Amino acid sequence: VHGKAVVSTQSTGDNQKPVRLLADLSLLDINLVKKCIQSLIYFNLAFIVSPIRYSNTYYVTSTIQSIMQDVELQEECIRYVRMDDRNPCPTWEVIFNLYETFQSGKKLKQVFLYEKPFLRNINDRRLVEFGLLKGILKRLHKYPIAQEQADEVYFLPETLEYYNQKVLDGQHSYDDICVKLGCKLDKVENDLDFCKNVTIIQKLGV
């Protein structure tokens, strides 16, 4: 289990922490914490979302159409994304239009710089989080595949280390590689995005 534990969609930001941080705060082994979270997920008491970064790309799904008929879920969304209780609630129409902008393939930072959800009393990160939890949004993940090159090797030493650990097989996303090797996403992107004998496959996921 990797990512952020969200106790419920009615929770505040205090209930949302990275799994590794939960282990550190509880002074427990991370594997034990993972098992506990897996049990919570089984009983629908916790949810896992991948780290929300402004460099990520998200796409809206057809689920957004079904919510148009679900007033209760619309109200839940409004409560979840509202930024300041002292200001008026955003309307569902405004939130719906924001979700609809996730069709262009732009990075999250570009979308929010243009749309400025904070001006509508909307917490941008919780907007994405709710979208992921309810299947409204899917994140575009990168999966690297190493290509065999008999005549020339383009890997940097660090990249070769990833290859030796068999993570460049198209089955491990950049997030998986970061967790496995304990490194930052920027490093993985710098090493792999422009590596000549690595093919990057992109897939939609949570």
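Keep in mind the model is a prediction, meaning the values are calculated, not measured. The numbers attached to residues start from 1 for each chain and follow its sequence in the written order. In view of the model being predicted, local features appear only for residues whose pLDDT reaches at least 70, and side-chain atom pairs are presented and counted only at 80 or more, with totals across whole chains, interfaces and linings using the full set of residues. Note that water and hydrogens are dropped before the side-chain values are worked out from all heavy atoms of the structure.

Trainee: Before we move on, can you summarise the packing of helix α9 (residues 174-181) against helix α10 (residues 185-192) with the specific residues and values?
Mentor: When two helices pack together, their arrangement is given by the angle between the helix axes and the distance between those axes. To get an axis, a line is fitted to the C-alpha atoms, and for a helix only the part in contact is used. The angle between two axes follows their N-to-C directions and goes from 0 to 180 degrees. Under the DSSP-based scheme used, a helix requires at least four consecutive residues in state H or I and a strand at least two consecutive residues in state E, with every element numbered from the N terminus. Packing of α9 against α10 brings their axes to within 9 Å, and their N-to-C directions diverge by 115 degrees. The crossing of α9 and α10 is right-handed. Counted together, Tyr174, Ile177 and Cys178 of α9 and Leu185, Val188, Glu189 and Leu192 of α10 form the full contact between these two elements. By the definition used in this description, the sense in which the near helix is turned from the far one sets the handedness, with an anticlockwise turn below a right angle giving left-handed and a clockwise turn giving right-handed. By definition, residues are in contact when any of their heavy atoms lie within 4.5 Å.

Trainee: Any chance you could break down α10 for me, citing the residues and the numbers?
Mentor: For each residue, the accessible area found with a 1.4 Å probe, counting protein chains only, is set against the maximum for its type, and the residue is called buried under 20%, exposed over 50%, and partly exposed in between. Considered for burial, the residues of α10 that qualify are Leu185, Val188, Glu189, Asp191 and Leu192. For α10, the angular spread of buried residues about the axis comes to 165 degrees, placing them on one side. The outward face of α10, more than 90 degrees from its buried face, is lined by the exposed residues Asp186 and Asn190. By arc we mean the arc of the directions from the helix axis to the C-beta atoms, nothing more.

Trainee: For the sheet that holds strand β4 (residues 58-60), give the residues involved together with the corresponding values.
Mentor: By definition, the strands of a sheet pair up through backbone hydrogen bonds, in either a parallel or an antiparallel sense. Strand order across the open sheet formed by three strands is β4-β5-β6, with antiparallel pairing between neighbours. This sheet does not close on itself; its edge strands, each paired only once, are β4 and β6 (198-205). For this sheet, the mean angle separating the axes of adjacent strands, direction not counted, is 35 degrees. In this description, strands pair whenever DSSP reports at least two bridges between them. Examined bridge by bridge, β4 and strand β5 (residues 137-146) share three bridges and lie antiparallel to one another. Across the sheet, Tyr59 pairs through a bridge with Lys138, a residue of β5. Docked against the sheet, helix α7 (residues 124-133) engages β4 and β5, running at close to 80 degrees with respect to β5.

Trainee: Could you give me a rundown of the environment of Gly170, with the residues and numbers involved?
Mentor: Considering the arrangement of structural elements, one finds Gly170 in the loop between α8 (157-164) and α9. Each C-alpha atom of the pair Gly170 and Pro144 lies 5.3 Å from the other, and the pair is 26 residues apart in sequence. Setting aside its immediate chain neighbours within four residues, Gly170 contacts Tyr143, Pro144, Ile145 and Lys203.

Trainee: Hey, could you go over the side chain of Thr57 for me, with residue numbers and the actual values?
Mentor: As for its position among the elements, Thr57 is in the loop between β3 (47-49) and β4. Residues within four places of Thr57 in sequence aside, it is in contact with Gly105, Lys106, Lys107, Lys138, Arg139 and Leu140.

Trainee: For the packing of aromatic side chains, give the residues involved together with the corresponding values.
Mentor: Geometry of aromatic contacts follows a simple scheme: Phe, Tyr and Trp rings, the Trp one being its six-membered ring, pair when their centres are within 6.5 Å, and the pair is stacked under 30 degrees between planes, edge-to-face over 60, tilted otherwise. Taken as a whole and assessed by the stated rule, the structure comprises four aromatic pairs. Between Tyr80 and Phe130 the ring centres are 5.5 Å apart and the planes differ by 50 degrees, which places this aromatic pair in the tilted class. A residue pair is termed long-range when its members are at least 10 positions apart, and Tyr80 in helix α4 (residues 71-81) and Phe130 in helix α7 qualify at 50 residues. Relative to Phe112, the ring of Phe102 has its centre 6.1 Å away and its plane inclined at 90 degrees; by these criteria the two rings are edge-to-face. Of this pair, Phe102 sits in the loop between α5 (92-100) and α6 (108-115) while Phe112 sits in helix α6; the two residues are 10 residues apart in sequence, bridging distant segments of the chain. For the residue pair Phe102 and Phe112, the accessibility class agrees, reading buried in each case. Lying over the aromatic face of Tyr114, Lys106 brings its terminal NZ or CZ to 6.0 Å of the ring centre. We call a charge positioned above a ring when the Lys NZ or Arg CZ atom is no farther than 6 Å from the ring centre and deviates by at most 35 degrees from the ring normal.

Trainee: Summarise the pattern of salt bridges; cite the residues concerned and give the values.
Mentor: When their charged atoms lie close together, side chains carrying opposite charge are able to pair. For this analysis, a salt bridge means a side-chain nitrogen from Lys or Arg found within 4 Å of a carboxyl oxygen belonging to Asp or Glu. Counted by the stated rule, this structure contains six salt bridges. The closest approach of N and O atoms between Arg86 and Asp84, which form a salt bridge, is 3.0 Å. A salt bridge links Lys142 to Asp193, with the nearest nitrogen and oxygen atoms 3.3 Å apart. Of this pair, Lys142 sits in strand β5 while Asp193 sits in the loop between α10 and β6, and the two are 51 residues apart along the sequence. Look at Lys142 and you get partly exposed, because its relative accessible area is 23%. Taking the relative accessible area as the measure of exposure, Asp193 reaches 28% and is therefore partly exposed.

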